[in-house]
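# Coordinate analysis (summary)
Single-letter residue listing:
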Amino acid sequence: MTTLLTLSIKKGDPQPIYVQIYRQIRELILAGRLGAETRLPSSRALASELGISRSTIVTAYEQLLSEGYVRSTRGAGMFVMPLSPDHLLHVRNSGELEIHSSTKSTIPDSPKPKPFDIDTALFELFPAKDWTRRLAASWRREHPDLLSFHDPFGHMPLREAISSHLSLWRGFECAPENIMITSGTSDAMDLIFRVLAQPGDDIWMEDPGYEIIRHGIRSNGMNVVAVPLDEAGFDLGIAKEIAPKAKIAIVTPSRQFPFGTIMSLTRRLELLDWAHHSGGWIVEDDYDSEYRYEGRPFPAMAGLDEHSNTLYLGSFSKVMFRSLRLAYLVCPPHLTDGFRETISKQGTKASFVAQPALADFMESGAFGAHIRKTRRVYAKRLVHLQSTLSTQAEGLLVAPPQTSGLHLVAGLGDRISNHMTDKDIVEAARGNNVRVQALSDYYQNKPCLQGLVMGFAGHNETAIDDGVSRLVASIKSLLS
Ligand SMILES: Cc1ncc(COP(=O)(O)O)c(C=O)c1O
């Protein structure tokens, strides 16, 4: 059994000793260095050879046994099983396991935040200590929800906290019973499509809009009907002309995505009237409305709906952080049973792990305090980006007046609009370590406006200065 002489134990290794042994033996098997039917040494012999307890070896062997790498024959010992299909598994010389797959996955760019990433939450602003404390405390309370799903709509205290939040911040009253926690916006959208639409249905969507939702419509077999916008927002008249039989309208009334414009009250009332009389549904995607820097947040459209035809969608991605993957859907009371049936059938996708901590974070007032704090900081960053663009990118980029949101859309200035496209700038900026998005990519239909979508909330003043100067250099390099 010379091969097993290569086993070693690292004292300072954070992995338990049995895991170290199990892994090394598994790698020897995968590398073919312990062939099929090879007998492993007895646990007693290996334990004494390595100078560790026999029970540690027994635990490692049991793990190998449970994963099918070895079999146990009474009285005779442990034997390596034949591997199959072993052509998929290769072990590098270093002993690291490498899994080959026939399809190439798309690995995003460097994870390091760059100006002007849209989804960057910064540790410098996030109350990580407080959050960690609540997360740990919530697990010490041994709530039954933590180890099994009790309610597929999510942890009730969190839904109660969301209900209070919506009343206070969004002027919208709803019962916690009608709120369901989802794993992000696309999970909520999938549920909506399954409950309220059929394959082949037309769904109105603002153009430009959020690609992830467009993708969700298509992958559920429905048609995306792109409705062009004007400064008052979604135009029902045009929408009806293009697709008179649409079932659902998906809108961002409080801050159009990506432009940030507010849908006028007249347009809201028209759309509500359409839903009431046609039996259609409105999905209000209210993704970042807490971030209004002047005046009070514009109330949610769902609060105006007297006939319960609006489904309201909120997300924790902006106020908290995106990797949390928690969002919520408020459905009209008479739809609750239908959603409950669907969600019970397909299983809940939202993890419960962080829900009690988030409920606690909200109930304690820490969530509101975090919004107020970040709002002050983001407001300053917005002003800083606008003024830096107007001084350093004069004639190149035009930032419109704006007093809300976490990103802005800069138009291409007179000096460049005939010389390059927004995509050219995105490419040039990437080479200069700046990440901006092309406005034209947010459109489904042509013609589309040209511009740059730039996140500012996650970037401090120094990063903004640096980013703008590199962006300007990138644009100038395209002019020369
Ligand atoms: C228009 C829009 N809706 C919703 C969301 C939130 O998505 P999720 O909850 O899946 O992170 C975003 C986030 O960027 C968004 O831009």
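Residues numbered from 1 in each chain as written. Predicted model: local features only at pLDDT ≥ 70, side-chain atom pairs only at ≥ 80, totals over all residues. Heavy atoms only, no water.

In this section: the overall build of the protein chain. Helix and strand counts for the protein chain come out as 14 helices and 16 strands. Principal-axis analysis of the C-alpha atoms places the extent of the protein chain at approximately 85 × 60 × 45 Å. Each of the 480 residues in the protein chain was classed as buried or not, and the buried ones make up 49%. Accessible surface computed for the protein chain: about 23200 Å², of which carbon and sulfur atoms make up 53%. Here the protein chain contributes 51 positively and 54 negatively charged side chains, and the mean placements of these two sets differ by 8 Å. (Helix = DSSP H or I, 4+ residues; strand = E, 2+ residues; numbered from the N terminus. Buried < 20%, exposed > 50% of the residue type's maximum accessible area, 1.4 Å probe, protein only. Areas by Shrake-Rupley, 256 points an atom, 1.4 Å probe, with all protein chains shown as cover. Lys, Arg positive; Asp, Glu negative; His and termini not counted. Charge placed at Lys NZ, Arg CZ, Asp CG, Glu CD.)

The next subject is a positive patch on the surface. On the surface, R372, K373, R376 and K380 cluster together to form a positively charged patch. Counting through the fold element by element, R376 comes out in helix α12 (residues 366–392). (Patch = residues over 30% accessible without salt bridge, like charges linked within 9 Å, V, L, I, M, F, W, Y side chains within 5 Å. Salt bridge = Lys/Arg side-chain N within 4 Å of Asp/Glu carboxyl O.)

Strand order in this open sheet of four strands is β13-β14-β16-β15, and the pairing throughout is antiparallel. On the outer flanks of this sheet lie β13 (397–398) and β15 (437–438), each paired with one strand and no other. Here β15 runs beside strand β16 (residues 451–455); their pairing, made up of two bridges, is antiparallel. Following the sheet pairing, Q437 is matched in β16 by V453. (Pairing = 2+ DSSP bridges.)

Attention now goes to the site of the ligand. Within the structure, the ligand sits among G184, T185, Y210, F257, D285, Y287, S315, S317, K318, R322 and R325. One nitrogen or oxygen atom from the side chain of S315 is found 2.7 Å from an oxygen atom belonging to the ligand. When the free accessible area of the ligand is taken as 400 Å², the share hidden by the protein chains comes to 98%. By residue class, the composition of the shell around the ligand is three nonpolar, four polar and four charged. (Near = heavy atom within 4 Å. Polar contact = N/O pair within 3.5 Å; in protein donor to acceptor, adjacent residues only side chain to side chain. Nonpolar A, V, L, I, M, F, W, Y, C, P; charged D, E, K, R; others polar.)

Okay, the domain arrangement of the protein chain next. When its domains are assigned, the protein chain resolves into domain 1 (2–99), domain 2 (150–351) and domain 3 (369–479). The straight-line distance from the C-alpha centre of domain 1 to that of domain 2 is 52 Å. (Domains from an automatic or database assignment.)

With that out of the way, let us pick up the environment of D305. Mapped onto the elements, D305 comes out in the loop between β10 (281–285) and β11 (310–315). Counting along the chain gives 23 residues from D305 to I282, while the straight-line C-alpha distance between them is 9.9 Å. Among residues more than four places away in sequence, those in contact with D305 are L272 and T310. (Contact = heavy atoms within 4.5 Å.)

This part is about the packing of aromatic side chains. Taken as a whole and judged by the stated rule, the model has 14 aromatic pairs. Each ring, one from W131 and one from F321, has its centre 6.2 Å from the other, and the planes form 80°; the classification is edge-to-face. Of the two residues, W131 is situated in helix α4 (residues 128–140) and F321 in the loop between β11 and β12 (327–330); the sequence distance between them amounts to 190 residues. The residues W131 and F321 share a single accessibility class, namely buried. Taking the centre distance of 4.7 Å and the plane angle of 40° together, the rings of W204 and W274 count as tilted. Taken together, the residues span a long stretch of sequence, with W204 in strand β6 (residues 202–207) and W274 in helix α9 (residues 265–278) at a distance of 70 residues. (Phe/Tyr/Trp six-rings, centres within 6.5 Å; stacked < 30°, edge-to-face > 60°.)

Below, the discussion takes up the pattern of salt bridges. Scanning all chains against the criterion turns up 22 salt bridges. Between R267 and D235 there is a salt bridge whose closest N-O contact spans 3.6 Å. One end of the pair, R267, is in helix α9; the other, D235, is in the loop between β8 (233–234) and α8 (236–242), with 32 residues separating them in the sequence. Taken individually, R267 and D235 each receive the classification buried, so the pair is uniform in this respect. Here D466 and R470 are joined by a salt bridge, their closest N and O atoms 2.3 Å apart. With D466 and R470 both in helix α14 (residues 461–479) and four residues apart, the pair spans about one turn of that helix. Salt bridges here are not isolated pairs; linked through shared partners, they connect D130, R133, R134 and D360.

Time to look at α9. For α9, with 14 residues, the first-to-last C-alpha span of 20 Å sits near the 20 Å given by 1.5 Å per residue. Of all the positions in α9, only R267, R268, L271, L272, W274 and A275 are classed as buried. Buried residues of α9, seen end-on, are gathered within an arc of 155° and therefore sit on one face of the element. Exposed and facing more than 90 degrees away from the buried side of α9 are T266 and H277. One or two steps after α9, the chain reaches G279, where phi turns positive at roughly 80°. (Expected span 1.5 Å × (residues − 1). Arc of directions from axis to C-beta.)

To continue, consider the nonpolar core. Core analysis: the largest hydrophobic core is formed by 64 residues, its most contacted members being W131, F316, M320, L397, M454 and L471. Considering each element in turn, this core owes the most residues, seven residues, to α12. In contact with L471, not counting residues within four places along its chain, are L397, I425, A429, V434, V436, L452 and M454. In terms of nonpolar packing, the next biggest core, distinct from the first, is built from 26 residues, F153, L191, A197 and L329 among them. (Core = buried A, V, L, I, M, F, W, Y, C linked by side-chain atoms within 4.5 Å.)

So, about the environment of F116. Mapping F116 onto the fold places it in the loop between β4 (97–99) and α4. Judged by its relative accessible area of 0%, F116 is buried. C-alpha separation for the pair F116 and T73, spaced 43 residues apart in sequence, amounts to 61 Å. Apart from the residues within four sequence positions on either side, F116 is in contact with L385, V434, R435, V436, M454, G455, H459, I464, G467 and V468.

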